[in-house]
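# Survey of secondary and tertiary structure
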Amino acid sequence: MATANRSKRQDPSSPLDSETLLEMYRQMVLSRTLDERIWMLNRQGKAAIVASSQGHEAGQIGSVYALQRGKDQFYIYYRDLAVMLTLGMTPEEILLGFMAKAGEPLSGARQFPTHGAYLELGIVNQSNVIATHLPQAVGAALAAKMKGEDYIVIVYFGDGATSAGDTHEALNFASLHKLPVIFFCENNKYATSVPQHKQMAVESIASRAEGYAMPGISIDGCDVVAVYEAVSEAAKRARSGMGPTLIEAMVERFLPHTSDDDDSIYRPKGEIEEARKRDPLKALNLSLTSLGILDAETDKQYLDEARSIVNEATDLAEAAPFPDTSDFMEHVYYS
Amino acid sequence: MIRRRCAIAVKNVLEAVHDAMQEEMRRDERVFVLGEDVGRRGGVFLATNGFLDEFGEARVMDTPLAESSIAGVALGAAMHGMRPIAEIQFGDFIWPIFNQIVGEAARVRYGTKGKLSVPMVVRTPHGGGVRGGLYHSQSIEAYFYHTPGLKVVAPATPFDAKGLLKSAIRDDDPVIFLEHKRTYRLVQGEVPDEDYTLPIGKADVKRQGTDVTIVTYGLMVHHCLEAARELEEEGVSCEVVDVRTLRPLDMDTILESVAKTGKALVVHEDNKFGGVGGEIAATISEEGFEFLDGPVTRLAGPEVPAMPYSPLLEDMYMINPAKIAQAIRKLSAY
Ligand SMILES: Cc1ncc(C[n+]2csc(CCOP(=O)(O)OP(=O)(O)O)c2C)c(N)n1
Ligand SMILES: [Mg+2]
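Residues numbered from 1 in each chain as written. Chains lettered and ligands numbered in written order. Predicted model: local features only at pLDDT ≥ 70, side-chain atom pairs only at ≥ 80, totals over all residues. Heavy atoms only, no water.

It is worth spelling out the overall build of chain B at this point. Of regular secondary structure, chain B possesses 12 helices and 14 strands. Expected size for 334 residues packed as a compact globule is a radius of gyration near 20 Å; at 20 Å, chain B falls within 12% of this value. Along the three orthogonal principal directions, the C-alpha set of chain B runs to about 60 × 55 × 45 Å. Looking at chain B as a whole, 61% of its 334 residues qualify as buried. Roughly 13200 Å² of accessible area belongs to chain B as shown, and the carbon and sulfur atoms make up 52% of that amount. Both charge centroids of chain B, one from 37 positive and one from 48 negative side chains, sit 2 Å from each other. (Helix = DSSP H or I, 4+ residues; strand = E, 2+ residues; numbered from the N terminus. Rg over C-alpha atoms; globule rule 2.2 N^0.38 Å. Buried < 20%, exposed > 50% of the residue type's maximum accessible area, 1.4 Å probe, protein only. Areas by Shrake-Rupley, 256 points an atom, 1.4 Å probe, with all protein chains shown as cover. Lys, Arg positive; Asp, Glu negative; His and termini not counted. Charge placed at Lys NZ, Arg CZ, Asp CG, Glu CD.)

Laid out in structure tokens, this is it:
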């Protein structure tokens with residue numbers, strides 16, 4: 001499979017030029033660096049909780065690149081740090097959330113880190129509740145159709161979320177009305193401690209699409225190009241009125257479910273080491289290096305740059321005050 | 001006669017919940033648990049820690065991530081001779097079961113003229129003050145206690161949690177069992193090793209007093225006791241009634257206390273409007289009017305739809321001993 005991918009990248013008709021690939025890599029380095037920092041802050045007692053995107057980054061970054069930023073709508077979930085960064089949130093904004101500080105742009109620190117809305121970036125109402133956002137994403141797509149607007153919608157969710165009734169209702173509704181929505185499942189094969197084989201009897205989440213008469217594909221979610229291509233194809237379908245697509249991106253969860261979890265209780269020994277062999281950051285580094293697009297110097301420059309951005313963001317977020325309580329009662333109703 | 005000294009251990013609320021389920025599962029093969037991560041993980045709070053090894057996968061079921069089916073499947077099994085304990089990982093994620101529990105389980109006995117029983121328990125951690133933000137802090141009791149046919153239990157101490165959970169499991173009606181997650185590890189207390197149950201629907205006077213009656217439940221019991229100690233120094237004697245069960249509500253114990261003190265303050269973390277406090281206050285006014293020499297007062301969560309995450313905002317939401325003490329001072333001045 002790796003060979004097939006590589007040959008695709010060397011193909012001059014590949015949709016991604018080397019500049020874009022480098023940009024994606026740079027984004028991934030930043031996301032990983034920030035994610036690691038958040039864990040450190042958690043261990044220092046400065047960030048109450050973190051659910052990590054480590055191992056999911058290629059799926060997240062590749063999908064955003066395939067869509068129109070500033071126009072398409074993104075219904076994300078708590079593990080989508082790299083989506084948020086790629087859409088244009090800054091590390092400082094993210095860290096303000098993790099430290100629950102004033103100026104946090106998504107919810108004014110009313111919500112858990114990464115939750116809320118950032119409408120300018122197309123991030124709409126991220127809740128903590130699994131799968132509630134799938135029907136909402138379908139509604140957003142319905143609104144596009146009703147208003148005759150040409151934005152499309154992508155909704156991100158985990159493998160566990162596919163069990164929820166809301167998910168099935170959303171798939172059915174979207175397909176029935178051929179709505180411009182992409183269902184993007186980040187399958188890391190665990191829902192907290194519950195492995196996929198205890199979550200569902202089917203082996204492939206993509207296979208569920210058949211029951212709703214929509215295309216479903218399973219892809220290597222650690223391969224940013226494969227993700228880009230699959231989402232581009234789904235976006236083309238959505239934009240041309242052909243309706244939804246279900247994409248199952250096979251990703252890896254390198255870390256416990258959240259910083260509150262202890263995965264040694266339930267993950268077999270050696271499994272994470274095995275998963276780390278599919279590290280999307282390493283994979284992209286390797287393939288860009290072998291294509292001659294990335295050299296060691298540029299790589300180091302990206303990492304240094306990411307560290308200094310994250311350091312500065314950390315300092316700013318740490319120095320920020322907590323939001324005061326003056327508007328505590330506000331925004332319960334319109335007026 | 002040889003008096004057997006019964007062993008007592010100090011446990012926290014979580015251990016009490018764990019032990020109650022474990023003992024009931026050992027006692028009765030029909031009892032089983034189902035929920036997200038209850039198996040190998042032992043539950044995200046470890047309430048079912050070790051259960052998988054002791055009872056096996058058939059009785060300790062990791063379910064798909066779909067709350068409606070957790071409750072609905074439990075309901076179906078309960079109507080066919082099993083005694084399921086359904087765990088909803090956080091109270092905030094309980095809403096999908098509303099249809100199965102409020103719409104169905106509560107009405108089964110009445111709707112079949114007693115042909116069917118629903119001996120099931122839905123356990124869930126509720127409440128805030130844990131930096132849990134919008135979706136790990138909610139109070140959910142008011143939505144359930146409104147419904148005849150359901151029992152709603154909300155213990156505050158390890159002793160009560162164990163005795164009441166055992167009763168809930170043995171009860172032939174559906175019980176919503178609310179465990180305040182802040183009490184899980186924080187609150188310790190003596191729990192006898194021997195088998196005991198506590199009656200559902202019976203309040204407990206946690207502190208005797210003569211000037212003001214404080215009626216409360218859950219985490220707030222502890223905050224009220226702290227406030228009562230503070231007021232004692234100011235010469236105000238408070239009686240603290242822990243209702244323990246929200247439905248059926250033990251109005252007798254509440255009224256008995258109000259008859260003694262003449263003043264009632266109802267305290268809960270949940271929003272005030274439409275909350276449990278409204279029912280308690282209304283009943284005190286209806287049935288205890290002649291005892292009163294001050295307004296029946298409620299101290300409850302503010303009228304915002306969620307507990308915010310950031311610390312100052314969360315503190316603003318939460319009822320604490322200082323706020324309770326202030327409310328007592330105001331009331332006792334009448
Ligand atoms: C409706 C609901 N039930 C339970 C939870 C608690 N919970 C949070 S994340 C999670 C597991 C989600 O797994 P998955 O969908 O595979 O996403 P992943 O975290 O693996 O990316 C659970 C059970 C929740 N947030 N919402
Ligand atoms: Mg998962």
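Moving on to the interface of chain B and chain A. How large an interface is tends to be reported as the accessible area lost when its parts come together. The partner chain A presents 37 residues to the 29 residues of chain B that form the contact. With both chains or domains summed, chain B and chain A bury close to 2800 Å², and 69% of this area falls on carbon and sulfur atoms. At the boundary of chain B with chain A, the tally comes to 2 salt bridges. Among the ionic pairs, B:R41 bridges to A:D261, the shortest N-O distance being 2.7 Å. Residues that form the side of chain B that touches chain A fall into these classes: 18 nonpolar, 4 polar and 7 charged. (Contact = heavy atoms within 4.5 Å. Buried area = accessible area lost by both parts, 1.4 Å probe. Salt bridge = Lys/Arg side-chain N within 4 Å of Asp/Glu carboxyl O. Nonpolar A, V, L, I, M, F, W, Y, C, P; charged D, E, K, R; others polar.)

A few words now on the confidence of the model for chain A. For chain A, per-residue confidence averages 95 on the pLDDT scale, and 96% of positions sit at 70 or higher. Note on residues 1–11 of chain A: pLDDT is under 50 here. Beyond four places in sequence and across chains, it has 11 contacts. (pLDDT = per-residue confidence, 0-100.)

Here we come to the site of ligand 1. Around ligand 1, 20 residues are found, and the nearest of them are A:Y77, A:Y78, A:R79, A:G160 and B:E67. Around ligand 1, the neighbouring residues derive from chains A and B rather than from a single chain. A:I130 places a main-chain nitrogen or oxygen 3.0 Å from a nitrogen atom of ligand 1. The separation between a nitrogen atom of ligand 1 and a polar side-chain atom of B:E67 is 2.5 Å. Burial of ligand 1 by the protein amounts to 96% of the accessible area it has alone, namely 580 Å². Split by residue class, the shell around ligand 1 holds 9 nonpolar, 7 polar and 4 charged. (Near = heavy atom within 4 Å. Polar contact = N/O pair within 3.5 Å; in protein donor to acceptor, adjacent residues only side chain to side chain.)

Another point: the sheet that holds strand 4 (residues 83–87) of chain B. All names here are of chain B. In spatial order, the strands read 3-2-4-5-7-6-12; together these 7 strands make up an open sheet with mixed pairing. Strands at the two margins of the open sheet, each flanked by one partner only, are strand 3 (60–62) and strand 12 (245–247). Within the sheet, the average angular offset between the axes of one strand and its neighbour, ignoring direction, is 20°. Pairing of strand 5 (residues 121–126) with strand 7 (residues 175–180) involves 6 bridges; the strand directions are parallel. Pairing of V122 across the sheet is with I176, part of strand 7. (Pairing = 2+ DSSP bridges. Axes fitted to C-alpha atoms, helices over the stretch in contact; angles between N-to-C directions.)

This brings us to the coordination of the magnesium ion (ligand 2). All names here are of chain A. The coordination sphere of the magnesium ion (ligand 2), as far as protein atoms go, consists of D159 (OD), N188 (OD1) and Y190 (O), spread over 2.0 to 2.1 Å. The sequence pattern formed by the donor residues of the magnesium ion (ligand 2) is D-x28-N-x1-Y. Exposure class is identical for N188 and Y190. Each is buried. (Donors = N, O, S within 2.8 Å, 3.2 Å for Na, K, Ca; no water.)

Further remarks concern a negative patch on the surface. Residue and element names in this part refer to chain B. Among the surface-exposed residues, D252, E256, E279, E286 and E287 lie close enough to one another that they form a single negatively charged patch. Among the elements of the structure, helix 9 (251–261) and helix 10 (276–287) are those that each provide at least two residues to the negative patch. The biggest single contributor to the negative patch is helix 10, with 3 residues. Here D252 lies in helix 9. (Patch = residues over 30% accessible without salt bridge, like charges linked within 9 Å, V, L, I, M, F, W, Y side chains within 5 Å.)

Before going further, it helps to examine the environment of B:V175. All names here are of chain B. With respect to the secondary-structure elements, V175 resides in strand 7. Here the alpha-carbon distance between V175 and P119, two residues 56 residues apart in the chain, equals 8.0 Å. Beyond its immediate stretch of four places on either side in the chain, V175 contacts M120, V121, V122, K151, V153, A168 and I200.

Now for the sheet that holds strand 10 (residues 212–216) of chain B. All names here are of chain B. Across the sheet, which stays open at both edges, the 5 strands sit in the order 9-11-10-13-14 with mixed pairing between neighbours. At either margin of the open sheet sits one strand with a lone partner, and together these are strand 9 (204–207) and strand 14 (297–301). Taking each pair of neighbouring strands and ignoring which way they run, the sheet shows an average axis angle of 25°. As paired elements, strand 10 and strand 11 (residues 238–242) share 5 bridges and run parallel to each other. Bridge assignment links T216 to a residue of strand 11, and that residue is D242.

All names here are of chain B. Its place among the elements puts H222 in helix 8 (residues 219–233). Residues H222 and K11, spaced 211 residues apart in sequence, show a C-alpha to C-alpha distance of 16 Å. Once residues lying within four places of it in the same chain are set aside, the contact partners of H222 are A156, T157, T183 and V187. Among the polar contacts listed, one links the side chain of H222 to the backbone oxygen of A156, at a separation of 2.6 Å.

Here we come to the domain arrangement of chain B. Residues and elements named next belong to chain B. Parsing chain B into structural domains produces domain 1 (8–192) and domain 2 (204–332). At the junction of the two partners, domain 1 supplies 30 residues and domain 2 supplies 27 residues. In total, about 2300 Å² of surface goes out of reach between domain 1 and domain 2, with carbon and sulfur atoms giving 57% of it. If you look at where domain 1 meets domain 2, you find 4 salt bridges. (Domains from an automatic or database assignment.)

Tallied over the full model, the rule gives 14 aromatic pairs over all chains. Between A:F112 and B:Y309, the ring centres sit 5.3 Å apart and the planes meet at 70°, which makes this aromatic pair edge-to-face. You can see A:F112 sitting in the loop between helix 5 (91–98) and strand 2 (116–118) and its partner B:Y309 sitting in the loop between strand 14 and helix 11 (311–317), one on each of two chains. Exposure class is identical for A:F112 and B:Y309. Each is buried. Through successive ring pairs, a cluster of aromatic residues spans B:F45, B:F90, B:F93 and B:Y184. The cationic tip of A:R69 hangs over the ring face of A:Y65; the distance from NZ or CZ to the ring centre is 4.4 Å. One cation-aromatic arrangement involves A:K101 over A:F322; the distance from NZ or CZ to the ring centre is 5.4 Å. (Phe/Tyr/Trp six-rings, centres within 6.5 Å; stacked < 30°, edge-to-face > 60°. Lys NZ or Arg CZ within 6 Å of the ring centre and 35° of its normal.)

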